[in-house]
Structure formats: structure tokens, C-alpha cells
Amino acid sequence: IDADGVKSLQEKEKFFNFFKNYFELEQDLVLELYNDVVELEGSNKTYRLVPQDGTLLKPIEIEDSEKTKKFALVKSKTTIKNGKTQIGFHDGKTLIDDTAVSVGDTCVLQIPDIKILSVIKLEKGMNCLITKGVNAGKIGKIDEIKEGTFNIPKSIDITFDDRQIEIPARLVMPIGKSEPEIKIR
């Protein structure tokens, strides 16, 4: 975790104390926290945790109007009883909804009531956020989506910083056509 976005030493201490117990309990939790919103007690500040500059979680200060919005990457989609669709997100949340989504798309959710505000499709030309690895936090444009096989996972060609890389689709979150739909910088 990098708390550079948190300005004062007192706020940094509150921030780290808040997460200290989680990190001691389960290291994998770090990967599930990205894009969550944190409010510090005794402060009028709200932060969103996003991957940035190779750091998995970096707090960025957001306006109050954005604290009820969150990006959620669609990880699963299942037909359940009575033909309804259950959508599973990267953070473990699930939702029964008829919205047309595919695995790999990003939903802008209204929290805490978990309502889909919009869907950002995983498709050519979309801007995306790399969520893990050495390029975590980089934003690039999708040039091509390569369907996978049984042995080879789906991959995506992305251009950022005047270079192109091929990356597994599971490391990418679409965030908008020209600009991110919510603040992540």
C-alpha cells in the first residue's frame, strides 16, 4: 500500500491502522480491495483505493458525490432459478439483475445498495486500467482482444506510454471510452 495520496501524518496513521488487521489476516485481500472507498473517522475526506504507478492500492481523494460509486469487474455470470441472471464481481459481491453484461465488462455500481448505474464493455477502443503486475495502475487503450483456448487464456493487446503489450484479460478493467466514468486519478 502506498499512502502518498493521504496528506497528513495523522491521516496516514488512521489509514494504515484501518487496514492493518486485514493484511495480517489474509494477504490475498489486498487484491480484492482495489477501487473500494474509504472514509476516515474525524475527517471530512473520502478516498478511493486504486492501482497506480505499480502499486496495488493507492488512495486518491474523491468528492462526496463519487463516494457512492464504484467500478466492479464482472468475473462470473450464471443463470439461476426461474431464468434469472446472477452476476459475480471481482470483490465477491453478487447481484441478481437482467442487465446485459459479459464476463470482463465493468459495471459502475451504486453502493451500498448494489445497483448497476452503467456497463463499460470490454471491447476494442476502450480505455482500461491494468489492475495487477508490474504495469498495475497504467491506463491504456485496447487495440485487440484475442480469444483464448482451453490451455491459453484470453489476452488483450493494450497501448500505453507509446508502447504496446499483450496481457491476460484477467488483469484488465475497462473504465470508459475516452475518460474514466468515475475518478481513478
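Residues numbered from 1 in each chain as written. Predicted model: local features only at pLDDT ≥ 70, side-chain atom pairs only at ≥ 80, totals over all residues. Heavy atoms only, no water.

Draft legend 1. Representation of the environment of Ala136 in the model. Position of Ala136 among the secondary structure elements: in the loop between strand E9 (127-130) and strand E10 (139-146). A sequence separation of 79 residues divides Ala136 from Leu57, and the C-alpha atoms of the two residues are 9.3 Å apart. (Helix = DSSP H or I, 4+ residues; strand = E, 2+ residues; numbered from the N terminus.)

Draft legend 2. The arrangement of the pattern of salt bridges in detail. In this structure the tally under the stated criterion is eight salt bridges. Measuring nitrogen to oxygen at the nearest pair gives 3.0 Å for the salt bridge that ties Glu66 to Arg48. Of this pair, Glu66 sits in the loop between strand E3 (55-62) and strand E4 (69-79) while Arg48 sits in strand E2 (residues 46-52), and the two are 18 residues apart along the sequence. Of the residues examined, Glu66 reaches a relative accessible area of 17% and is grouped as buried. Its salt-bridge partner being Asp91, residue Lys93 comes within 3.2 Å of it at the nearest N-O pair. (Salt bridge = Lys/Arg side-chain N within 4 Å of Asp/Glu carboxyl O. Buried < 20%, exposed > 50% of the residue type's maximum accessible area, 1.4 Å probe, protein only.)

Draft legend 3. Representation of the sheet that holds E4 within the structure. Sheet architecture is open: five strands sit in the order E6-E5-E4-E7-E8, paired in antiparallel fashion. Of all strands in the sheet, those with a lone pairing partner are strand E6 (94-96) and strand E8 (115-120), marking the two edges. Across the sheet, the mean angle from the axis of one strand to that of its neighbour is 40°, orientation sign disregarded. Note that strand E5 (residues 85-89) and E6 share three bridges and pair antiparallel. When the sheet's bridge partners are listed, Gly88 is paired in E6 with Thr94. (Pairing = 2+ DSSP bridges. Axes fitted to C-alpha atoms, helices over the stretch in contact; angles between N-to-C directions.)

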